[in-house]
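# Coordinate inspection notes
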Amino acid sequence: MRDPRYDPLFEPIRIGPVTAKNRFFQVPHCNGMGHAMPLAHAAMREVKAEGGWAVVSTEECEIHPSTDLTPYVEARLWDDRDIPALALMCEKVHAHGALAAVELTHNGPAASNLFSREVLLAPSHQPTKYGYPHQARAMDKADIRDYRRWHREAAVRGMQAGMDIVYVYAAHDLSLAMHFLQRRRNQRTDEYGGSLENRVRLLRELLEDTRDAVGHRCGVALRFATEEMLGPGGVELAEARDIVGLLAELPDLWDVNVSAWHNDSLPSRFGAEGAQEPFIDFVKKTTSKPVVGVGRFTSPDTMVSQLRRGVIDIIGAARPSIADPFLPRKIEEGRIDDIRECIGCNVCVSGDNTVSPIRCTQNPSMGEEWRKGWHPERIAPARKPSKVLVVGAGPAGLEAARALGQRGFEVSLAEASRQLGGRVSREARLPGLAEWARVRDWRVGQINKMANVATYLDSRLEAADVLAFGAEHVVIATGARWRRDGFGRSHGLGIEGFADNPAVFTPDDLMDGRLPEGDVVVFDDDGGYHATVLAELLAKAGCRVHFVTPEDVVAPWGQYTLEYRHVRKRLAALGVSVHVSRMVAGYSGRRLRLQDAWSEATFELGADGVVSVTSRLPDERLFLSLREREADWKDAGLVSAHRIGDCDAPGLIAHAVYAGHALAQGLGEAAADTVPFRRHFHHALGP
């Protein structure tokens, strides 16, 4: 039964000629599948519609070969041959009573054209945004007419595919419509440059063209960034107020956010739920048209507050809809505790940036809806509900126990410590990572509802204990520990002076509360988030911190998760000294010897302590002991033993959760009965 406080979230709302059944709007988001994997893309969007989202959008949709985004995989409407792929998505979305939306874009100097080899276009002559060694040329009046025609034709194709809402895109510094607004990109002296009215002209024309072409059947949405966080070099809030005022009643829907993407999809380390409110709350006061905004909303109380206070009319979401495609339905059914809340880690974003299908830390089924037939809420019951022992209650063990319990197995979950969560509980105590505890909390909450899953704390097991337990299947998820010897990508033989040195610390030491003092070097040969978070911890504890890495950039994984710029600013604000392209040659006394990765020049740093963030060793002792006693399995009734997560191969929390889920999906199933890993060799969607 729905809580009446949340009734406003389920009121229909008119968007031009169409009506959304409620106030939940999955705004456009990339997914790494797009035009290359249309079946997987359609299945992923369908699950959102099934979960109760009233509007389900595509990602960016290229309107012409001159906006080719290769290597990134987005949607396309270059010509009529692209219609069937998006028609499939519309069909799937409409089957659940939702509206489908397409975000049309021409990326101008932010495109690559590596595949099409077309000349890049821009308001004025300028370099490409992403460093490709060629420039974009200034558009003349004929180019502008062509651009308007391409956009109009793509809008019509979108309508023919079945789209209910067509976007004009002017956000994230990724569209010509926005580039014409920006003084730094638009140095024109004709009627499309100079004054604000002139710079808005093209955006106005695109909106008018789109309304004229499809407005009789489709709602016309404008996605607009109100602040670029660049000062006078970008669109600023004061100027955005004027832009909204000039266009207030032209679109049927305002979709407003901040730019660029790293500010819009802000990692939870650097921003809380609803962080965009100060940058968008003026829009609803300026227009009578509905307004959708985002803020990594997971709390229905926050959502209702946004509506009641007149901040927005519609709850927009990308990442929360990825973490829980059924978020709207759970609120509607009064199952608030069942919401799988986004943790803001941006693993989803990394899919687009690594040109691979989307994945999610919280939702291991994301991206696997078509490829493996996985569903975020349903899982096939066990053919034979046998007894399973899961050893280790970190992210892999918790997900395995939860999903196995959902399938109907009799599950016992044994944890050696006195707290569930494993590395999640430890890492969530580090600066900025508190919301990551949701990985633990959601799974524990689900497990506590299952009578067939029993949890045992303070239960360290040996091989003999496992064999005596009487389980038919054993799942070992005992995690991993960070190495102290410096072994890693850059040091295959370890680092001289690290092993058994009491002045060398590991991330585990710091998470256990044992911190160095004085001058501390954090040596990062891992490249993930751990080292930067630990550097922040130490700086806030009063240490004088040096961050050293053999990489040419700080924590390169953060470039995929949109953390990089925020990390660099945070370290600078904390006074952390950064040393890139530096190998560690050895450590003796208080002297840490460094070597330039390219010139081999040597340096020294004074260091009272060194934190070695290099690699991890799986805690595989129990699994290997069981393997050594395989001859005893039959007498013990043990049919299979598996190791998963960090115990198997250390990685991200997302890897561990996925491993737990994959184990649960396949346990007790014959290989011939499992859904094969499907690939897009071809599809019968069109010529």
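Residues numbered from 1 in each chain as written. Predicted model: local features only at pLDDT ≥ 70, side-chain atom pairs only at ≥ 80, totals over all residues. Heavy atoms only, no water.

Stated precisely, the cut-off is as follows: UniProt positions are given in the numbering used here, feature names are shortened, and annotations may be inferred rather than shown by experiment.
As annotated in an unreviewed UniProt entry, the protein is Methylamine from Arenimonas donghaensis DSM 18148 = HO3-R19. Checking UniProt for the protein, the heading Sequence similarities (unreviewed entry) contains the comment "In the N-terminal section; belongs to the NADH:flavin oxidoreductase/NADH oxidase family."

## Notes on the sheet that holds strand β25 (residues 591-596)
The cut-off we apply is this: Pairing between strands is defined by DSSP: at least two bridges between the two strands are required. Helix and strand assignments come from DSSP, with helices taken as H or I runs of at least 4 residues and strands as E runs of at least 2, each series counted from the N terminus. Axis definition: a line fitted to C-alpha atoms, over the contacting stretch in the case of helices. Angles run 0 to 180 degrees between N-to-C directions.
Pairing within the open sheet is antiparallel, and its three strands lie in the order β24-β25-β26. A strand with exactly one partner marks an edge of an open sheet, and here the two such strands are β24 (582-588) and β26 (602-606). In this sheet, adjacent strand axes meet at a mean angle of 30 degrees when their direction is disregarded.

## Some remarks on the packing of aromatic side chains
As a reminder, the rule being used: Two aromatic rings, drawn from Phe, Tyr or Trp (for Trp, its six-membered ring), form a pair once their centres lie within 6.5 Å of each other, and the interplanar angle then sorts them: stacked below 30 degrees, edge-to-face above 60, tilted otherwise. The buried label goes to any residue with under 20% of its type's maximum accessible area, the exposed label to any with over 50%, and the partly exposed label to all in between, with areas taken from a 1.4 Å probe on protein chains only.
Tallied over the full model, the rule gives nine aromatic pairs. Taking the centre distance of 5.5 Å and the plane angle of 50 degrees together, the rings of Phe10 and Phe24 count as tilted. Of this pair, Phe10 sits in the segment before β1 (13-15) while Phe24 sits in strand β3 (residues 24-26), and the two are 14 residues apart along the sequence. The two residues Phe10 and Phe24 agree in class, both being buried. Taken together through their ring pairs, the aromatic side chains of Phe10, Phe24 and Trp53 make up a single cluster.

## Quick notes on the pattern of salt bridges
Stated precisely, the cut-off is as follows: Any carboxyl oxygen of Asp or Glu that lies within 4 Å of a side-chain nitrogen of Lys or Arg is treated as forming a salt bridge with it.
In the structure shown here, the tally under the stated rule is 71 salt bridges. With a shortest N-O distance of 3.8 Å, Arg2 and Glu332 are connected by a salt bridge. Highlighted residues: Arg2 in the segment before β1 and Glu332 in helix α12 (residues 327-332), separated in sequence by 330 residues. Given a relative accessible area of 26%, Arg2 falls into the partly exposed group. Its relative accessible area of 39% is what places Glu332 among the partly exposed residues.

## Some words on the packing of helix α2 (residues 83-94) against helix α3 (residues 141-161)
Let me state the cut-off plainly: Geometric relationships in this document are graded by angle, where less than 35 degrees denotes roughly parallel, more than 145 denotes roughly antiparallel, 65 to 115 denotes roughly perpendicular, and other angles denote oblique. Here a crossing is called left-handed whenever its near helix is offset anticlockwise from the far helix by less than a right angle, and right-handed whenever the offset is clockwise. What makes two residues a contact is simply this: any of their non-hydrogen atoms within 4.5 Å. Note on residue categories: nonpolar means Ala, Val, Leu, Ile, Met, Phe, Trp, Tyr, Cys or Pro, charged means Asp, Glu, Lys or Arg, and polar means any other residue, Gly included.
Two elements in contact, α2 and α3, have axes whose closest approach is 8 Å; the angle formed by their N-to-C orientations is 45 degrees. As the angle between them shows, α2 and α3 are arranged oblique. Two packed elements cross with a definite hand, and for α2 against α3 that hand is right-handed. Contact residues: Ile83, Leu86, Ala87 and Cys90 in α2; Arg157, Gln160 and Ala161 in α3. Class assignment for the residues of the contact of α2 with α3 results in five nonpolar, one polar and one charged.

## Looking at the environment of Asp7
Mapped onto the elements, Asp7 comes out in the segment before β1. The partly exposed category is assigned to Asp7, whose relative accessible area is 32%. In sequence terms Asp7 and Ile331 are 324 residues apart; their C-alpha atoms lie 9.7 Å from each other.

## Notes on the UniProt feature "domain: FAD/NAD(P)-binding" (unreviewed entry) in the protein
As recorded in UniProt, the feature "domain: FAD/NAD(P)-binding" (unreviewed entry) lies at residues 387-618. What you have in residues 387-618 is 26% helix and 27% strand, and the ends, taken at the C-alpha atoms, are 26 Å apart.

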